[in-house]
Amino acid sequence: YVEIDFSYTGNGDSCDMYVLLENRTHTADDGKNQYRGSSDVNTLVASAWYRATTDTDTSDPDVVSITTSASGYKTLRMKLTYGKPNAASPIYESNTFSTSLKNSSGIDNHLVEGTGNEDVTHIRIVMASSAQGNVYKGTVGAVLTVDEIRLIY
């Protein structure tokens, strides 16, 4: 599981908060992305994704619960789905699996779906006040505040 204490005011936008467990084949040079080659592969081991216009929306399939913490933040609990993500996951509306994610050196950075049995070598955590925040698009005035993140395993 992953738990996130947060608050969100979207002004008509949707926040994106997700955790991706990955297996990256390139391990030399501490697995740093800038040393990857064209034959290296990023495999999705597990994912948990939250996309919503409010901090109370429980409709995403990875959401287990949303409660109010003692500090007044919402506590979102999501279950990590190993292997193929839930069919209704927002991951399929993102560019996560897009084969056009090449960096300036022409190295492909997209993920391929794994079985969930791969070793985890990297954790990708994204918190954005817009569902398109990872490409710097969003609504002025949308505010996502994240207080704490906990991985529960």
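For the structure, check the block above.
J.: Before we go on, may I ask you to explain the packing of aromatic side chains in this structure?
T.: Ring pairs (aromatic) are described by centroid distance and by the angle formed between their planes. Within this structure, the stated rule accounts for three aromatic pairs. Relative to Tyr 50, the ring of Phe 6 lies with its centre 5.8 Å away and its plane at 65°, an arrangement referred to as edge-to-face. Placement of Phe 6 in strand 1 (residues 2-9) and of Tyr 50 in strand 3 (residues 42-52) is noted, with a sequence separation of 44 residues between them. Of the two residues examined, Phe 6 and Tyr 50, each falls in the buried class. Judged by centre distance (3.6 Å) and plane angle (10°), the ring pair of Tyr 18 and Trp 49 falls under stacked. Here Tyr 18 is found in strand 2 (residues 15-24), whereas its partner Trp 49 is found in strand 3, with 31 residues between them in sequence. Exposure remark for Trp 49: the relative accessible area of 1% places this residue in the buried category.

Criteria and thresholds
Throughout this document, residue positions are counted from 1 along each chain, in the order its sequence is written. Only residues with pLDDT of at least 70 get local features here, since the model is predicted, and only at 80 or more are side-chain atom pairs given and counted; chain-wide, interface and lining totals rely on the full set of residues. Only hydrogens and water are set aside; all other atoms, that is, all heavy atoms of the structure, feed into the side-chain values. Geometry of aromatic contacts follows a simple scheme: Phe, Tyr and Trp rings, the Trp one being its six-membered ring, pair when their centres are within 6.5 Å, and the pair is stacked under 30 degrees between planes, edge-to-face over 60, tilted otherwise. Each helix is a run of DSSP H or I of at least 4 residues and each strand a run of E of at least 2, with the numbering of both proceeding from the N terminus. Relative accessible area decides the class of each residue, using a 1.4 Å probe on protein chains only: under 20% of the type maximum gives buried, over 50% gives exposed, and in between gives partly exposed.

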